[in-house]
Amino acid sequence: MASIFGHAFAAYALGKSFSKEIKTWKFWVLGTICAIIPDADVISFAIGIPYEGFWGHRGFSHSLVFAVLLGLLVTLIFYSKRLNSKAGLLLILYFTICTASHGVLDAMTSGGLGIAFFSPFDDSRYFFPWRPIQVSPIGASKFFNIRGIKVLLSELIWIGIPFSIYILAVTFFRKKR
């Protein structure tokens, strides 16, 4: 998996595409949570669920269906008054994209069993053919060593730089209008 830092930065960068009217502190916090929450499935290791199982790590919680459901749920809970408006649709889209970005980034990592993008319809696990991001260790204690530094450097190159360019491009084109 990519680290919590890479997923959070992706949510921040993707949020830059949306209009100022909906970008409040709540928007940013919820987007970040949506980008990180698929990894809550690591609890499956502790309760004996097999990695490759439906509820296992990188299973259903990393799927596109989960991303849509979480996007809808977050918007329904935190923005219910805006649900039937253009802003509501944009919020659903943002939270869905943040959640889906998690699986996309994880599919670009160097380890694991792949991502169940199409669960619950197909539980096959997939990686992208290009996998430049070093897989992050699971657990904070395992992160603070030389391997953790390598992961952060990998993410700086393959997540930080591309998303920073994206932010600059969005900012540039907004100012042009």
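Shown above is the structure to which this text applies.
The shown structure was predicted, so the numbers you read here are calculated from the model rather than taken from an experiment.

Chemist: Could you give me a rundown of the nonpolar core, with the residues and numbers involved?
Modeler: Formed by 27 residues in total, the largest nonpolar core has its most connected members in Phe27, Tyr94 and Phe95. At the level of secondary structure, the elements contributing two or more residues to this core comprise helix 1 (4-15), helix 2 (25-36), helix 4 (64-78), helix 5 (86-106) and helix 6 (146-176). Considering each element in turn, this core owes the most residues, six residues, to helix 5. When near neighbours in sequence (up to four residues on either side) are disregarded, phenylalanine 27 contacts Gly15, Phe18, Ile22, Tyr79, Leu91, Tyr94 and Phe95.

Chemist: Any details on the pattern of salt bridges? Residues and values, ideally.
Modeler: Counted according to the given criterion, the structure contains one salt bridge. Across the pair arginine 58 and aspartate 106 runs a salt bridge whose closest N-O atoms are separated by 3.7 Å. Taken as a pair, arginine 58 in the loop between helix 3 (43-46) and helix 4 and aspartate 106 in helix 5 lie far apart in primary sequence, 48 residues in all. On the basis of relative accessibility, which here comes to 0%, the residue aspartate 106 falls in the buried class.

So, how was this worked out
Residues numbered from 1 in each chain as written. Predicted model: local features only at pLDDT ≥ 70, side-chain atom pairs only at ≥ 80, totals over all residues. Heavy atoms only, no water. Core = buried A, V, L, I, M, F, W, Y, C linked by side-chain atoms within 4.5 Å. Buried < 20%, exposed > 50% of the residue type's maximum accessible area, 1.4 Å probe, protein only. Helix = DSSP H or I, 4+ residues; strand = E, 2+ residues; numbered from the N terminus. Contact = heavy atoms within 4.5 Å. Salt bridge = Lys/Arg side-chain N within 4 Å of Asp/Glu carboxyl O.

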